[in-house]
Amino acid sequence: MRELDYRKIAFRHVAIAHNQIWFCNQYYSALFKLDIKEQKIYFESGLPCCNSMGANQFAALAWNNGKLIIAPQNAMSVLIYNPKYREIKSIPLDMERYAKGKKCNYFFDAVSYKNKVFLFPGTFEAIVQVDVISEEITYITEWFSSIKNYIQDHKKIIFSIGNYQVEEKIYLPFWQGNVVMIFDMVSLQCSFHKMKCEDFEFSSIIVKDENWWISAKNRNEIIQYNAIENNVRLIQIMNLLEGDIHSDNYVMLDIDDKLYLIPRNGNIIISYNIKTGELIRETEIT
């Protein structure tokens with residue numbers, strides 16, 4: 001096996017607690033924490049891995065009741081890490097039933113709610129609920145029987161990292177089409193909303209009251225969807241990208257009255273003012 005370069009740091013997801021930012025390294029299977037006050041990164045623990053390279057084993061994680069719940073990206077178990085004792089508990093997943101031959105990208109998001117952490121796929125055919133007190137897991141599968149009718153390729157990702165939480169509800173943009181799923185973390189029920197924009201696929205979503213803002217996958221467009229009027233407006237951002245390295249898949253952040261579009265691969269960030277409609281190429285962000 002090639003020698004690892006331990007200076008390499010990359011991550012997809014973070015959990016924040018007590019002035020510390022926790023993340024799993026994507027280059028090799030390890031847990032790190034960044035001290036916000038000191039502005040230093042510390043190695044916390046090695047994590048189990050399922051292949052010799054060890055890359056992309058774990059990504060999404062959430063803090064709850066003094067523990068970190070860590071979702072597998074390419075590994076096959078959920079991890080519960082107790083930083084007080086530096087102990088790791090591994091809970092194997094039923095890969096035969098819910099992965100069905102898929103080799104990677106099982107989970108991309110983890111959301112903490114009350115005494116539960118919900119792990120959202122990925123390619124896994126169940127949402128996994130982790131009870132942080134009992135450390136037991138539950139597979140939630142009813143949603144899949146509804147969304148599988150929209151899936152074009154069962155080997156590809158269903159949802160990615162662009163989900164959005166409003167109280168007990170999680171809005172999940174469908175990676176393979178023009179559908180948004182809303183999952184209720186209390187009732188464990190879901191609903192589906194199909195947009196009037198055919199041939200679109202979604203990568204991330206921001207919800208502001210009745211307006212949903214969705215970044216289109218493989219297109220340089222923002223979709224404004226009004227949930228009350230059930231109409232769609234397209235906002236073009238291509239004219240801001242000429243001459244730049246950029247990606248057609250964007251994650252969005254909302255700060256005050258602005259949306260920030262961050263490309264998966266690119267060298268610019270775009271802001272959109274939802275009140276004025278102004279689009280700006282950002283060069284300095286406070």
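Preceding block: the structure.
Fair warning: this is a prediction, and the values are worked out from it, not measured in the lab.

So, on to the overall build of the protein. Broken down by element type, the protein carries 2 helices and 24 strands. Projecting the C-alpha coordinates of the protein onto the three principal axes gives extents of approximately 50 × 45 × 35 Å. Taking all 286 residues of the protein together, 50% fall into the buried category. Across the protein, contacts joining residues at least 24 apart in sequence account for 38% of those joining residues at least 6 apart. Mean positive and mean negative side-chain charge positions of the protein (31 and 34 charges, respectively) differ by 5 Å.

What follows concerns the packing of aromatic side chains. Taken as a whole and assessed by the stated rule, the structure comprises 20 aromatic pairs. Look at Phe-107 and Phe-124: their rings are 4.9 Å apart centre to centre, the planes differ by 40°, and that puts the pair in the tilted class. Of this pair, Phe-107 sits in the loop between α1 (95-98) and β9 (109-113) while Phe-124 sits in the loop between β10 (116-120) and β11 (127-131); the two residues are 17 residues apart in sequence, bridging distant segments of the chain. Summarising the burial analysis for this pair, Phe-107 and Phe-124 share the class buried. Feature note: the residues Phe-11, Phe-23, Tyr-28, Phe-32 and Phe-43 constitute an aromatic cluster, connected by ring pairs. The ring of Tyr-27 is capped by Lys-8, whose NZ or CZ atom sits 5.1 Å from the centre of that ring.

To continue, consider the sheet that holds strand β19 (residues 221-226). What the 4 strands build is an open sheet, ordered β17-β18-β19-β20; its pairing is antiparallel. A single partner strand is all that each edge strand has here, and the edge strands are β17 (201-208) and β20 (231-236). Neighbour-to-neighbour, the strand axes of this sheet turn through a mean angle of 25°, independent of strand direction.

On the secondary structure map, Ser-160 appears in the loop between α2 (142-147) and β13 (164-166). Beyond its immediate sequence surroundings of up to four residues, Ser-160 is in contact with Phe-108 and Trp-175.

This brings us to the pairing of strand β23 (residues 269-273). Counting buried residues along β23, 4 of its 5 residues qualify, which places the element largely inside the surrounding structure. As paired strands, strand β22 (residues 258-263) and β23 are joined by 4 bridges and run antiparallel to one another. Each residue of the ladder has a partner; that of Leu-261, found in β23, is Ile-270. If you look at the hairpin formed by β22 and β23, you'll find 5 residues sitting between the two strands. Two elements, β23 and strand β24 (residues 279-282), share 4 bridges in a ladder whose sense is antiparallel.

Turning to the sheet that holds strand β16 (residues 190-194), a few remarks are in order. Spatial strand order, β13-β14-β15-β16: 4 strands in an open sheet with antiparallel pairing. Whereas interior strands pair on both sides, the edge strands pair on one side only; in this sheet they are β13 and β16. Taken pair by pair, the neighbouring strands of this sheet meet at an average axis angle of 20°, ignoring direction. Two strands pair when backbone bridges link them, and strand β15 (residues 179-184) and β16 are joined in this way by 5 bridges, in the antiparallel orientation. Paired with Phe-183 across the strands is Cys-190, a residue of β16.

Moving on: the pattern of salt bridges. By the definition in use, this model includes 15 salt bridges. Put simply, Arg-86 and Glu-44 hold a salt bridge, and the shortest N to O gap is 3.7 Å. With Arg-86 in the loop between β7 (77-82) and β8 (87-92) and Glu-44 in strand β4 (residues 40-46), the pair connects residues that are 42 residues apart, well separated along the chain. Between Lys-100 and Glu-125 there is a salt bridge, with its nearest N and O atoms 3.3 Å apart. Within this pair, whereas Lys-100 is found in the loop between α1 and β9, its partner Glu-125 is found in the loop between β10 and β11, the two being separated by 25 residues in sequence. Judged by relative accessible area, Glu-125 falls into the buried class, the value being 8%.

Below, the discussion takes up a nonpolar patch on the surface. On the surface, a cluster of nonpolar side chains totalling about 490 Å² of accessible area is made up of Ile-9, Phe-11, Val-14, Ile-16, Ile-36 and Ile-41. Note that Val-14 resides in the segment before β1 (15-17).

Attention now moves to the nonpolar core. With 27 residues, the main nonpolar core has Tyr-171, Val-180, Met-195, Phe-202, Ile-205, Trp-212 and Trp-213 as its most contacted residues. Breaking this core down by element, the ones donating at least two residues are β15, β17, β18 (211-217), β19, β21 (250-255), β22 and β23. With sequence-adjacent residues up to four places away left out, Val-180 is seen in contact with Tyr-171, Leu-172, Pro-173, Ser-191, Phe-192, His-193, Met-195, Phe-202, Ile-205, Trp-212 and Ile-214.

So, how was this worked out
- Starting afresh in each chain, residues are numbered from 1 along the sequence in its written order.
- With pLDDT at 70 or above as the cut-off, local features in this predicted model cover only qualifying residues; side-chain atom pairs require 80 or more to be listed or tallied, and sums for whole chains, interfaces and linings still use all residues.
- Remark: hydrogens and water are excluded; side-chain values derive from all non-hydrogen atoms of the structure.
- Under the DSSP-based scheme used, a helix requires at least four consecutive residues in state H or I and a strand at least two consecutive residues in state E, with every element numbered from the N terminus.
- Relative accessible area decides the class of each residue, using a 1.4 Å probe on protein chains only: under 20% of the type maximum gives buried, over 50% gives exposed, and in between gives partly exposed.
- Whether two residues are in contact is decided by their heavy atoms: any pair within 4.5 Å suffices.
- In summary, the charge assignment counts Lys and Arg as positive and Asp and Glu as negative, without counting His or the chain termini.
- By convention, charge coordinates are those of NZ in Lys, CZ in Arg, CG in Asp, or CD in Glu.
- In this scheme Phe, Tyr and Trp rings, the latter by its six-membered ring, pair at centre separations within 6.5 Å, and the angle between planes marks the pair as stacked below 30 degrees, edge-to-face above 60, and tilted otherwise.
- When the NZ atom of lysine or the CZ atom of arginine is within 6 Å of a ring's centre and also within 35 degrees of its normal, the charge is said to sit over that ring.
- Strands are labelled as partners when DSSP assigns at least two bridges between them.
- What counts as an axis is a line fitted to C-alpha atoms, over the stretch in contact for a helix, and the angles between N-to-C directions run from 0 to 180 degrees.
- Definition used for salt bridges: Asp or Glu carboxyl oxygen within 4 Å of a side-chain nitrogen of Lys or Arg.
- Residues form patches when they are more than 30% accessible in relative terms and have no salt bridge. Like charges link within 9 Å. Nonpolar side chains (Val, Leu, Ile, Met, Phe, Trp, Tyr) link within 5 Å.
- Here the accessible surface of atoms and residues is derived via Shrake-Rupley with a 1.4 Å probe, and residues count as covered only by protein chains that are part of the display.
- We call a set of buried Ala, Val, Leu, Ile, Met, Phe, Trp, Tyr and Cys residues a nonpolar core when their side-chain atoms join them within 4.5 Å.

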